[in-house]
Amino acid sequence: MVLRNGHNRSLQSAVKNSAILHKECSIMENCLFCKIAAGIIPSTRVYEDELCVAFRDIAPQAPTHILVIPREHISGMSGINEENAALAGHCLAVAAKVAAAEGLENGYRIVSNCGDDAGQTVHHLHFHILGGKKLSLEMA
Ligand code: AMP
């Protein structure tokens, strides 16, 4: 994203303020999903708590396409370790809750792309919830 200097400064102070609001979370200035979690970039939220946020994907690949992200910056699946595994697990529990709330009783798919081969484009851990139609049986 290209920002003019003035915007950059206000962005920096917004990020700093968010970092104060979410002391336990590390907010990366140039991370799109950190900014969405902090409310600096708007999103269509369907759920949030103190640890994670769920919002509709901007380019849905299924009738229901929601992303669940931790507020804390974790680069992706490869950034999960013993210390933050409970947070990743919480995101998955929230994904199940959101899927139920979205009425996906016929089923859904949870996807987390990790790295270039998987096509990860945003390097902040996220779980896609895909549903609302019969999904392709091809997984790769
Ligand atoms: P991935 O390719 O697995 O890293 O997934 C990134 C996802 O983020 C893609 O499905 C994008 O459509 C989605 N995305 C990118 N920017 C936004 C945004 N501003 N709001 C909501 N979803 C977004």
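Not measured: the values here are computed from a predicted model.

This paragraph deals with the overall build of the protein chain. Counting its secondary structure elements, the protein chain contains 3 helices and 5 strands. Helices and strands in the protein chain line up, N terminus first, as α-α-β-β-β-α-β-β. Counting every position in the protein chain, which comprises 140 residues, the buried fraction comes to 36%. Long-range pairs, those at least 24 residues apart, make up 53% of the contacts in the protein chain with a sequence separation of at least 6. For the protein chain, the exposed area adds up to about 8500 Å²; of that, 53% sits on carbon and sulfur atoms.

The antiparallel open sheet is built from 5 strands, whose spatial order is β1-β2-β3-β5-β4. In the strand order of this sheet, the two ends are held by β1 (45-48) and β4 (108-111), each with one partner. Across the sheet, the mean angle from the axis of one strand to that of its neighbour is 20°, orientation sign disregarded. The pairing of strand β2 (residues 52-56) with strand β3 (residues 64-70) spans 5 bridges and is antiparallel. Bridging from a neighbouring strand, Ala54 pairs with Val68 of β3. Docked against the sheet, helix α3 (residues 85-101) engages β1, β2, β3, β4 and β5 (127-131), running at close to 155° with respect to β3.

Turning our eyes to something else, we now look at the site of the ligand. Near the ligand, the surroundings consist of 16 residues, among which Asp57, Asn113, Thr121, His126 and His128 are the closest. Within the side chain of His128, one N or O atom sits 2.9 Å away from an oxygen atom of the ligand. When the ligand is considered free in solution it has 500 Å² of accessible area, and contact with the protein chains removes 84% of it. Listed by contribution, the elements that provide at least two residues to the shell around the ligand are α2 (32-38) and β2.

Moving on: the packing of aromatic side chains. Counting across every chain of the model gives 1 aromatic pair. Between Phe33 and Phe55, the ring centres sit 5.5 Å apart and the planes meet at 80°, which makes this aromatic pair edge-to-face. Highlighted residues: Phe33 in helix α2 and Phe55 in strand β2, separated in sequence by 22 residues. In terms of burial, Phe33 and Phe55 fall into one category: buried.

Conventions and cut-offs
Residues numbered from 1 in each chain as written. Predicted model: local features only at pLDDT ≥ 70, side-chain atom pairs only at ≥ 80, totals over all residues. Heavy atoms only, no water. Helix = DSSP H or I, 4+ residues; strand = E, 2+ residues; numbered from the N terminus. Buried < 20%, exposed > 50% of the residue type's maximum accessible area, 1.4 Å probe, protein only. Contact = heavy atoms within 4.5 Å. Areas by Shrake-Rupley, 256 points an atom, 1.4 Å probe, with all protein chains shown as cover. Pairing = 2+ DSSP bridges. Axes fitted to C-alpha atoms, helices over the stretch in contact; angles between N-to-C directions. Near = heavy atom within 4 Å. Polar contact = N/O pair within 3.5 Å; in protein donor to acceptor, adjacent residues only side chain to side chain. Phe/Tyr/Trp six-rings, centres within 6.5 Å; stacked < 30°, edge-to-face > 60°.

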